Amino acid sequence: IPASHDCKRTTGFIISYNNERMAYITDTGYIHENIQRRINNCNIYCIESNHDPRLLMMTKRPQYLKQRILSANGHMSNQDCAYVLGNVIGPSTKEIVFLHRSKEANTEEMIMETFNYTMGKMSVNVSNVKILIAKQDEPVTYLDKRS
């Protein structure tokens, strides 16, 4: 699926296997509603939650880079990611992996705070959804206990 990034041919994926679907989307500034319809009610979402806009603006990065990251062709903020998830999570959703977290402009706590706040505002029940937050320099370790 097409992604909105300032590099050519940036793509996300919908992977289907044994009646389960996983959406993998990173390096995107936003996810268009047409794509949201295509990724509705996946079992697993691996999705970019790159930055908190306020924290990004407080970094020592040059202004042009901050503007690039904030643009529709940059990287998804925690707020934008949570809003998309609120639109697409369904009864089949079991897992979410947050990807591409900026070390300087984001924290795991900010991701979870924004996600939980947004799910509450959108009345989306995520009590049975496993949440993982990937680090830039460590593999995500998860052993699926399903049979």
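What counts and what doesn't
Residues numbered from 1 in each chain as written. Predicted model: local features only at pLDDT ≥ 70, side-chain atom pairs only at ≥ 80, totals over all residues. Heavy atoms only, no water. Helix = DSSP H or I, 4+ residues; strand = E, 2+ residues; numbered from the N terminus. Rg over C-alpha atoms; globule rule 2.2 N^0.38 Å. Buried < 20%, exposed > 50% of the residue type's maximum accessible area, 1.4 Å probe, protein only. Contact = heavy atoms within 4.5 Å. Areas by Shrake-Rupley, 256 points an atom, 1.4 Å probe, with all protein chains shown as cover. Lys, Arg positive; Asp, Glu negative; His and termini not counted. Charge placed at Lys NZ, Arg CZ, Asp CG, Glu CD. Pairing = 2+ DSSP bridges. Axes fitted to C-alpha atoms, helices over the stretch in contact; angles between N-to-C directions. Right-handed = clockwise from strand over helix to strand, strands pointing away. Salt bridge = Lys/Arg side-chain N within 4 Å of Asp/Glu carboxyl O.

1. Quick word on the overall build of the protein
When its secondary structure is counted, the protein shows five helices and five strands. If you list the helices and strands of the protein from N to C, you get β-β-α-β-α-α-α-β-α-β. Against the globule reference of 15 Å for 147 residues, the protein gives a C-alpha radius of gyration of 15 Å, in line with a compact fold. Its C-alpha atoms put the protein at 50 × 30 × 30 Å along the principal axes. Taking all 147 residues of the protein together, the buried fraction comes to 45%. Here the contacts in the protein between residues at least 6 apart in sequence split such that 68% fall between residues at least 24 apart. As displayed, the protein offers around 8,700 Å² of accessible surface, 51% of which is attributable to carbon and sulfur atoms. Across the protein, the 18 positively charged side chains and the 15 negatively charged ones have centroids separated by 3 Å.

2. Structural notes on the sheet that holds strand E4 (residues 95-99)
Pairing is mixed across the open sheet formed by five strands, whose spatial order is E1-E2-E3-E4-E5. The outermost strands of the open sheet, each flanked by one partner alone, are strand E1 (13-17) and strand E5 (130-133). Neighbour-to-neighbour, the strand axes of this sheet turn through a mean angle of 15°, independent of strand direction. Pairing analysis gives five bridges linking strand E3 (residues 44-48) to E4, with the strands arranged parallel.

3. Points about the pairing of E4
Within E4, five of the five residues are buried, which leaves it mostly tucked inside the rest of the structure. Here E4 shows no split at all, with Glu95, Val97 and Leu99 on one side and Ile96 and Phe98 on the other all buried. For E4 and E5, the ladder comprises four bridges, and the chain directions are parallel. Looking at E5, one finds that Phe98 is bridged to Ile133. Once you follow E4 into helix H5 (residues 108-121) and on to E5, the crossover reads as right-handed.

4. Examining the pattern of salt bridges
Under the criterion given, the structure shown has two salt bridges. With a closest N to O distance of 2.7 Å, Arg61 and Glu104 form a salt bridge. In this pair, Arg61 sits in the loop between helix H2 (53-58) and helix H3 (63-70) while Glu104 sits in the loop between E4 and H5, placing the two residues 43 residues apart along the sequence. Measuring nitrogen to oxygen at the nearest pair gives 2.4 Å for the salt bridge that ties Glu108 to Lys135. With Glu108 in helix H5 and Lys135 in the segment after E5, this residue pair connects regions lying 27 residues apart in the sequence. For Lys135, a relative accessible area of 34% gives the class partly exposed.

5. Looking at the pairing of E1
In this structure, E1 lies alongside strand E2 (residues 20-25), joined through five bridges in antiparallel fashion. Its bridge partner lying in E2, Ile15 is registered against Met22. Hairpin remark: E1 followed by E2, antiparallel, with two residues in the connecting loop; positive phi at Asn18, about 50°.

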